[in-house]
Structure formats: C-alpha cells, structure tokens
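# Analysis of the macromolecular model
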Amino acid sequence: MKIELKEISKSFGPVAANTKINLSVSSGETLGLLGENGAGKTTLMNILTGLYKPDSGQVLIKGQQKEFSNPRDAIKNGIGMVHQHFMLVPVFSVSENVILGNEPITALNRINLKEAREKVLNISSKYNLDVDPDELVERLPVGVQQRVEIIKILFRNAELLIFDEPTAVLTPQEVSDFFRIVNSLKNSGKAIIFITHKLHEVIQICDRINVLRRGEVVGEVNPKKTSNSELAELMVGRSVNLNTKRKKIDPGDVLLKVKNLQVISDKKEKAVSNVNLKLHEKEILGIAGVQGNGQTEFIEALTGLRKISSGEIFYFDRNCTNFTPRKIHQMGIKHIPEDRQKQGLINEFSITENIVLNTYYEADFSKNISLNWNNARSEATRVMKKFDVRANSESSPANNLSGGNQQKLVIGREMSRKINLLIASQPTRGVDVGSIEYIHGQIIAARNAGIGVLLNSTELEEIIALSDRIVVFFEGKIVAELPSNTDPKIIGLAMAGVVT
Ligand SMILES: Nc1ncnc2c1ncn2[C@@H]1O[C@H](COP(=O)(O)OP(=O)(O)O)[C@@H](O)[C@H]1O
Ligand SMILES: [Mg+2]
C-alpha cells in the first residue's frame with residue numbers, strides 16, 4: 001500500500017500551518033517526520049487522519065484520491081494514529097479500551113468483550129506488544145498505555161500507523177522497547193510515520209526522513225548518509241551548535257551539603273536512602289540515572305516538596321532540613337521542575353500571572369493587598385525578552401506556548417530572581433533543538449557567573465555535555481561519583497547498578 005499527500009495546504013487564520021506539502025509512505029517502510037515545535041507535523045497528520053480538512057491538496061491511497069471527513073473514515077481506509085496525548089479511558093480495562101469507539105458503549109457486552117480479549121491477545125503476541133488485556137489502564141505505566149493505543153488501531157486493521165512524538169513521554173528503556181515494536185510492525189508489512197524532533201531517533205529508526213520547517217518540507221534525507229548537524233540545520237534553518245562549550249573553571253565554596261538523606265515515596269517505600277553529596281559554587285553536578293531510581297523524590301526533598309524522613313540538608317552551612325518550598329525559594333534556591341505542565345506553570349494563566357506565581361507576595365509585585373499588575377507585566381516582558389520566550393504577548397495563556405517556550409518561561413522566571421543554587425530537573429524534556437541549545441547555554445552561563453547547579457536528567461548525553469562532576473543514582477542510592485570525562489559506557493553500567 002502506498003499513501004501519498006499531494007500539495008497539501010492548511011491555514012489557521014493568519015498561520016500557514018502546512019504549505020504545499022508532498023510526501024509518501026509505503027508498506028514495510030518507516031518514514032520519519034522531523035521538525036521543531038510548531039513546524040506543522042501534527043496538523044499534517046490530523047489532515048491525513050480526517051480530523052482536519054485541508055484547504056487544498058489531496059490524499060491518495062494506492063493512487064486513488066480519498067476524502068476523509070473524520071478519523072473513522074481514515075481508519076476504514078487503514079490509517080490510524082497514536083496521538084501525543086493518549087485517548088484512553090483510565091477506569092476501563094485494556095480490552096474495553098480497545099473495543100471502545102468501534103462500537104457504542106452499550107454494546108460493551110460480554111460476548112464482544114470476550115472476542116475482543118482474544119483478538120487483543122493475538123495482536124499482542126504477533127507484534128510483541130506485551131500487555132495484560134484485563135488490567136485497568138490507569139494501573140499501567142505510560143509505556144504500556146502506549147502499547148494499548150497501538151493495539152487499538154491494529155484491532156481496526158490499520159495498515160499505516162502514525163506516531164506523534166511517541167518517545168516524548170518514555171524513559172530511555174521504554175524507548176528501546178518501543179523501537180523494537182516499530183521494527184516488528186514494519187517487518188510485518190505495516191507502513192509507519194514516526195514524528196519527532198529528536199535527531200538521533202530518526203537516524204536510528206527511520207528508512208527515510210522528511211524535514212518540516214514552518215509548514216514546508218525543506219528536505220528529504222537518507223538516515224544512513226546524514227548527520228545530527230545536517231538534520232539540525234535543516235530543521236532550524238541555521239547552523240546549530242550541538243557541542244556545548246564549557247570551559248573548565250575552579251569550583252568555589254561548598255554551597256549545598258546533603259547528609260545521610262532518607263526519603264519515603266508515595267508508595268511508602270524508601271525512595272532515597274543514605275544519600276550524601278556536596279555541591280560547590282561555580283559547579284554543575286549532574287545526577288544520572290534511569291527514571292524511577294529516587295531522583296524525583298530526592299529533588300522534591302531538596303526543594304521542600306516532600307518530607308525528609310531522616311538526614312540533613314545544609315545550604316551555606318545553614319541547616320534547612322524540612323524548610324517549606326517558599327522559604328527555600330526565598331533563600332535563593334530556584335527549581336526547574338521536571339514536569340513543567342504540572343509543577344512549573346498554570347496552563348490557563350497568562351504569562352504575566354505565571355511569572356509572579358511564586359513571588360506575587362514580594363514587595364516588587366504587591367500593592368497593598370493586591371497584585372501590582374504594572375510591575376508584574378513589565379517583569380514578564382523583561383523575562384520574555386531576556387530568555388527568548390516567543391509568544392504574541394505577555395497576556396497569552398501559558399498553554400498557547402510551545403513546549404520549548406513554556407520551558408524557557410519557567411527557566412526565565414526562576415533565574416531572574418535572587419539565585420545561588422539552581423536545581424534543574426529534566427530542563428530540556430520535550431523541547432526542540434533550538435531551545436535545547438539556548439537552555440544549555442543559560443545553565444552554563446549561570447555556573448560561570450558563580451551559581452551552583454544541580455542537574456537531574458535521564459538523558460545521559462545532557463549530563464555528559466553539561467556536568468563538571470557526575471553522581472549516579474540507582475535504587476535510591478548514589479552508586480558512583482565520576483568525573484565528567486568518564487567513558488559513557490561506564491556511566492551507563494552504573495545506571496544499571498553495575499559498578500566496577
Ligand atoms: N487548531 C489550531 N488552531 C490554530 N492554530 C493552530 C491549530 N493547530 C495548530 N495551529 C498552529 O499551526 C502551527 C503548526 O502546529 P502543529 O501542527 O501543532 O506543529 P507541530 O506538531 O509540528 O509542533 C503552529 O503555529 C500552531 O500554533
Ligand atoms: Mg505536534
């Protein structure tokens with residue numbers, strides 16, 4: 001089967017999301033669609049799956065022109081999409097979710113469910129999609145929920161599977177499982193469109209790559225013959241420096257000291273045990289580790305978001321164990337949280353409101369008992385300018401911004417106030433290359449200016465690029481402390497608990 005898009009254009013008011021796009025994909029092939037946030041990838045796929053009608057252009061399947069007025073039409077023609085945000089019902093089982101949408105809910109009777117369950121098992125064994133058909137979706141980790149979405153479209157006989165930024169929500173381990181699944185789908189004759197903004201992923205998994213920029217296809221490249229820098233340049237439209245420059249400087253005094261820290265997780269288990277570390281001024285200390293090894297709880301404990309069950313924290317020799325988040329913030333410890341949507345921003349709030357989210361009570365921003373809007377707005381415009389936050393205005397709501405701009409907003413807010421210690425957790429997760437370059441530059445500039453940085457990242461490349469020193473977390477403990485020039489293989493082994 002061959003699916004073609006011919007001269008597709010689509011605008012939203014003044015925004016040309018897609019301009020005369022041509023592309024094609026065939027059975028047994030993985031096509032990569034690479035582009036920055038806002039390049040038009042999702043819009044194009046929403047057209048292909050019948051969610052949007054193009055302003056002009058055609059969709060052809062096996063040479064025949066098709067018009068889809070909704071996703072049902074598309075799936076009838078063998079085209080299915082796994083969306084960036086899953087569309088599953090948490091309180092339903094895997095099998096129930098798989099048949100849901102195929103039939104009215106009232107048809108969720110025993111017989112349908114039994115047949116569905118059988119079919120789910122068949123599909124899951126055929127494509128290595130390991131999942132329990134009877135488990136409730138809400139109990140499944142994100143990586144497994146994604147498999148349910150895949151089964152859901154295979155159940156409807158999809159021949160083309162579209163994945164929209166599928167790895168953005170996955171851990172490195174889940175990513176390799178996912179890649180195995182993609183290859184097994186491809187090898188059994190499915191056509192795949194894989195959307196991402198991560199360069200190494202398209203190089204690793206795709207047979208062909210189309211690069212999208214500002215709504216246009218700006219190049220088609222062969223993954224075997226391209227490089228990260230060629231792809232980055234096509235994507236961003238200018239050359240991008242992927243090698244972060246970090247000159248060596250001598251660290252200053254001890255800024256943060258953690259002694260025998262113990263922290264309990266939500267599941268009432270020991271998440272962090274006996275952690276000791278020191279962080280100096282003018283130093284970036286990287287925390288490497290596979291997600292779920294206590295890093296999240298550790299950072300929460302340092303920032304006052306989680307209670308410390310034993311041990312102590314000193315900041316400039318002052319014991320600040322179990323201080324409140326506000327107190328910690330006021331002392332000059334700033335936090336870039338790992339989940340900007342849940343902890344960093346309030347989506348419905350404007351940029352201005354988000355800028356004063358944790359400082360509204362400070363003298364600069366308060367006027368008697370209300371907010372000093374003028375000061376808040378001018379601070380917002382200042383941060384937007386300084387940290388390259390691109391938006392229509394400071395009154396735009398946060399959820400109108402792309403991921404990269406949201407992240408720059410959080411970073412700008414935290415770094416614009418009194419700061420001695422920056423705790424940055426996953427600072428570039430789900431962010432485009434241009435913004436990664438920018439954010440890395442800001443973190444290094446902070447360190448050069450004398451700030452201590454604690455960098456928590458599950459991206460080993462990021463840890464290696466930025467850190468002056470690295471500690472590795474495994475099962476809640478620090479299992480290794482390594483200099484920044486350590487062989488990545490050794491760091492990777494330590495992340496799996498293997499220390500030589
Ligand atoms: N429903 C919509 N209404 C208005 N503008 C939209 C809509 N969907 C997308 N856009 C705009 O179209 C452009 C392309 O967006 P999108 O296709 O989501 O890009 P990508 O998936 O590559 O990040 C962006 O400028 C975005 O703001
Ligand atoms: Mg998108």
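Residues numbered from 1 in each chain as written. Chains lettered and ligands numbered in written order. Predicted model: local features only at pLDDT ≥ 70, side-chain atom pairs only at ≥ 80, totals over all residues. Heavy atoms only, no water.

Right, let's get into the overall build of the protein chain. Along the protein chain, the regular secondary structure elements total 17 helices and 22 strands. Against the globule reference of 23 Å for 500 residues, the protein chain gives a C-alpha radius of gyration of 24 Å, in line with a compact fold. Here the C-alpha coordinates of the protein chain stretch approximately 70 × 50 × 50 Å along the principal axes. Looking at the protein chain as a whole, 52% of its 500 residues are labelled buried. As displayed, the protein chain offers around 22900 Å² of accessible surface, 48% of which is attributable to carbon and sulfur atoms. Counting 63 positive and 57 negative side-chain charges, the protein chain places the averaged centre of each group 2 Å from the other. (Helix = DSSP H or I, 4+ residues; strand = E, 2+ residues; numbered from the N terminus. Rg over C-alpha atoms; globule rule 2.2 N^0.38 Å. Buried < 20%, exposed > 50% of the residue type's maximum accessible area, 1.4 Å probe, protein only. Areas by Shrake-Rupley, 256 points an atom, 1.4 Å probe, with all protein chains shown as cover. Lys, Arg positive; Asp, Glu negative; His and termini not counted. Charge placed at Lys NZ, Arg CZ, Asp CG, Glu CD.)

Looking at the element boundaries, alanine 398 is found in the loop between α13 (373-386) and α14 (403-415). Under the relative-accessibility criterion, alanine 398 is labelled buried at 0%. In this structure, the C-alpha to C-alpha distance between alanine 398 and leucine 255, residues 143 residues apart in sequence, is 33 Å. Excluding its chain neighbours within four sequence positions, the residues that come into contact with alanine 398 are Leu345, Ile346, Asn347, Phe349, Asn354 and Gln406. (Contact = heavy atoms within 4.5 Å.)

Now for the sheet that holds strand β10 (residues 216-221). One open sheet holds the 6 strands; their spatial order is β6-β7-β8-β3-β9-β10, and the pairing between them is mixed. Unpaired on one side and paired on the other, β6 (79-82) and β10 mark the two borders of the sheet. Within this sheet the neighbouring strands show an average axis-to-axis angle of 20°, counted without direction. Relative to strand β8 (residues 191-196), strand β3 (residues 30-34) runs parallel, the two being bridged by 5 bridges. When the bridges of β8 are listed, leucine 31 appears paired with isoleucine 193. Lying on the sheet, helix α8 (residues 228-236) is in contact with β3, β9 (208-213) and β10; it crosses β9 at an angle near 35°. (Pairing = 2+ DSSP bridges. Axes fitted to C-alpha atoms, helices over the stretch in contact; angles between N-to-C directions.)

With that out of the way, let us pick up the domain arrangement of the protein chain. As far as domains go, the protein chain holds domain 1 (2-236) and domain 2 (254-495). Summarising the inter-unit geometry, the C-alpha centres of domain 1 and domain 2 are found 33 Å apart. Interface of domain 1 and domain 2: buried area, both sides summed, is about 940 Å²; carbon and sulfur atoms make up 59% of it. Between domain 1 and domain 2 we count 1 salt bridge in total. Salt-bridge contacts for lysine 198 lead to glutamate 459; the nearest nitrogen and oxygen are separated by 3.9 Å. Linking domain 1 with domain 2 are 1 residue pair in polar contact (both at pLDDT 80 or more), by the criterion used here. (Domains from an automatic or database assignment. Buried area = accessible area lost by both parts, 1.4 Å probe. Salt bridge = Lys/Arg side-chain N within 4 Å of Asp/Glu carboxyl O. Polar contact = N/O pair within 3.5 Å; in protein donor to acceptor, adjacent residues only side chain to side chain.)

Core analysis: the largest hydrophobic core is formed by 48 residues, its most contacted members being Ile150, Leu161, Phe163 and Leu185. With 7 residues, helix α5 (residues 142-155) is the single largest residue contributor to this core. Among all residues touching leucine 161, those that are not within four sequence positions of it are Gly80, Ile150, Ile153, Leu154, Leu185, Lys190, Ala191, Ile192 and Ile193. Met384, Leu401, Ile439 and Ala480 belong to the second-largest nonpolar core, a separate cluster that totals 42 residues. (Core = buried A, V, L, I, M, F, W, Y, C linked by side-chain atoms within 4.5 Å.)

The subject of this paragraph is the pattern of salt bridges. A full pass over the atoms with the stated rule returns 26 salt bridges. Aspartate 207 is the salt-bridge partner of lysine 186, the closest N and O atoms lying 3.1 Å from each other. Here aspartate 207 lies in the loop between α7 (199-205) and β9 and lysine 186 lies in helix α6 (residues 172-187), a separation of 21 residues in the sequence. In this structure, the salt-bridge partner of glutamate 414 is arginine 413, at a minimum N-O distance of 2.9 Å. Take glutamate 414 and arginine 413: they sit in the same class, and that class is buried.

Moving on, we get to the site of ligand 1. Neighbouring ligand 1 are the residues Phe12, Val15, Ala17, Glu36, Asn37, Gly38, Ala39, Gly40, Lys41, Thr42, Thr43 and Tyr52. Within the backbone of alanine 39, a nitrogen or oxygen atom sits 3.2 Å from an oxygen atom of ligand 1. Within the side chain of threonine 42, a nitrogen or oxygen atom sits 2.7 Å from an oxygen atom of ligand 1. Alone, ligand 1 offers 560 Å² of accessible surface; in the complex the protein occludes 60% of this. When residues of the shell around ligand 1 are assigned to their parent elements, the largest contribution, 3 residues, is made by helix α1 (residues 41-48). (Near = heavy atom within 4 Å.)

The next subject is the pairing of β10. Two elements, β9 and β10, share 5 bridges in a ladder whose sense is antiparallel. Residue pairing across strands places valine 211 opposite glycine 219, the latter belonging to β10. Joining the antiparallel neighbours β9 and β10 is a turn of 2 residues, in which arginine 214 adopts a positive phi near 45°.

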